[in-house]
Amino acid sequence: MSGAAVRVRVPATSANLGPAFDCAGLALALHDVVEFAVADSGLAVEVSGAGAGELPTDASHLVVRAFRAACDVLGWSPPGLRVRAANGIPQGRGMGSSAAAVVAGVVGAFELCPDVDVRDDDAVLRLATELEGHPDNVAPCLLGGATLSWMGECGARAVRLPVAAGVRPLVLVPAATLSTHVARGLLPDAVPHADAAHAAGRAALLVHALTCDPRLLFEATEDRLHQRQRAAAMPGSAALLDRLRAAGHAATVSGAGPSLLVLTAADGNAGVRGVTSLTPDGWDLYPLEVDADGVRVVRGAPGVSSA
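From a predicted model like this one, the values you see are computed outputs, not experimental measurements.

(A) Looking closely at the pairing of strand β9 (residues 260–264). For β9, a buried count of five out of five residues is recorded, marking the element as mostly surrounded by other parts of the structure. Side-chain alternation along β9 places Leu-260, Val-262 and Thr-264 on one buried face and Leu-261 and Leu-263 on a second face that is also buried. Here three bridges tie strand β8 (residues 251–253) to β9, and the two strands are oriented antiparallel to one another. Looking at β9, one finds that Ala-251 is bridged to Val-262. Between the antiparallel neighbours β8 and β9 lie six residues, among them Gly-255 with a positive phi of about 60°.

Printed below as a string of structure tokens:
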């Protein structure tokens, strides 16, 4: 097996999409590319792009931890491993960087394991969710497009939704970061019945708007369940979100934040110009496409050395 190599490309994701808290996600055409190679011994990790110089380059790297967790499940362990990560996904910004790392690691192990003939994506989803803690980012990263995910008796499950033509995601990324753990800690243990009913209705409408009628995205992305409850942890994001929605843009907090997601429809350029005019200095704008593929794998990845 020494010298066997694989390249895994994983997309950024945005979870929740407003009211569909912890169950909806969207894959975005911004990627991390992770190359794995089986070596005779040892571990080497290289990181370039987002997180370079900040992320660990030893066994504590999340990609390596996910890879080894998958190896434990598969009952296989390579004698040595070389990992090279070229990261395009901003870290700690609510764009699914940790889910991407977990999915890359798990898929890399499944692809390199000599006992696996065909990768079982249901098993990948379950394991990646166990490692990540919830499936809302894992599912679109693995499957692509828009996804609905939930926890069943046997673990995480998900379905993929076709996204209507003309839907263009625009992600606004501030300089600040925000821990998902901190953001979740701000949520109350209970919500008023009226807010729960509102969330259920808007989440159902969101499925229709995303798949059939993007004209309804503004109403479909209205949230009462989690965004205002987290505003204290990201006041700049909360203020910009209010401005964008007041101007009629289908804007939401991306995942746990602090990035924002705007779902533009029809004339995407007009949507970008309108959002840009409302966005203060210091924010990066990413006009993106929906990633319809999810994780992609190339065997015998060039540039991966087992030396």
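Anyway, onward from the coordinates.
(B) Examining the packing of aromatic side chains more closely. Inspection of the entire model under this criterion finds two aromatic pairs. Ring centres of Phe-36 and Phe-67 lie 5.4 Å apart, and the angle between their planes is 20°; this geometry places the pair in the stacked category. Taken together, the residues Phe-36 in strand β2 (residues 24–39) and Phe-67 in helix α1 (residues 62–74) connect sequence positions 31 residues apart. Note on accessibility: Phe-36 and Phe-67 belong to one class, buried.

(C) Structural view of the domain arrangement of the protein chain. The domain architecture assigned to the protein chain consists of domain 1 (5–160 + 291–298) and domain 2 (168–287). Using C-alpha coordinates to define each centre, domain 1 is positioned 25 Å away from domain 2. Contact with domain 1, which involves 22 residues of that partner, is made by 34 residues of domain 2. Roughly 1,900 Å² of surface becomes buried between domain 1 and domain 2 when both sides are summed, with 66% attributable to carbon and sulfur atoms. Interface area lost by domain 1 to domain 2 is led by Pro-19, Phe-21 and Arg-93, which between them contribute 34%. Between domain 1 and domain 2 we count zero salt bridges in total.

(D) Looking closely at the UniProt feature "domain: GHMP kinase N-terminal" (unreviewed entry) in the protein chain. Here the UniProt feature "domain: GHMP kinase N-terminal" (unreviewed entry) sits at residues 62–145. When the span residues 62–145 is considered, its composition is 56% helix and 10% strand, and the gap between its end C-alpha atoms is 24 Å.

(E) Structural view of the sheet that holds β9. With antiparallel pairing, four strands are arranged side by side in an open sheet as β8-β9-β7-β10. Of all strands in the sheet, those with a lone pairing partner are β8 and β10 (284–287), marking the two edges. Between one strand axis and the next, the sheet turns by 20° as a mean value, whatever way the strands run. Here four bridges tie strand β7 (residues 168–173) to β10, and the two strands are oriented antiparallel to one another. Across the sheet, Val-171 pairs through a bridge with Tyr-286, a residue of β10.

(F) Looking closely at helix α6 (residues 193–211). With 19 residues, α6 should cover 27 Å at 1.5 Å per step; its first-to-last C-alpha distance of 28 Å lies within 8% of that length. Buried positions along α6 lie against β5 (146–152), α7 (217–220) and β9.

(G) How the structure looks around the nonpolar core. Counting 67 residues, the largest nonpolar core has Phe-36 and Val-103 as its most contacted members. Taken together, domain 1 (5–160 + 291–298) and domain 2 (168–287) each give at least three residues to this core, which thus spans both. Beyond its immediate chain neighbours, meaning those up to four positions away, Val-103 contacts Val-10, Ala-128, Val-138, Cys-141, Leu-142 and Val-295.

Thresholds, definitions, all that
- Residues numbered from 1 in each chain as written.
- Predicted model: local features only at pLDDT ≥ 70, side-chain atom pairs only at ≥ 80, totals over all residues.
- Heavy atoms only, no water.
- Buried < 20%, exposed > 50% of the residue type's maximum accessible area, 1.4 Å probe, protein only.
- Helix = DSSP H or I, 4+ residues; strand = E, 2+ residues; numbered from the N terminus.
- Pairing = 2+ DSSP bridges.
- Phe/Tyr/Trp six-rings, centres within 6.5 Å; stacked < 30°, edge-to-face > 60°.
- Domains from an automatic or database assignment.
- Contact = heavy atoms within 4.5 Å.
- Buried area = accessible area lost by both parts, 1.4 Å probe.
- Salt bridge = Lys/Arg side-chain N within 4 Å of Asp/Glu carboxyl O.
- UniProt positions renumbered as here; feature names shortened; annotations may be inferred.
- Axes fitted to C-alpha atoms, helices over the stretch in contact; angles between N-to-C directions.
- Expected span 1.5 Å × (residues − 1).
- Core = buried A, V, L, I, M, F, W, Y, C linked by side-chain atoms within 4.5 Å.

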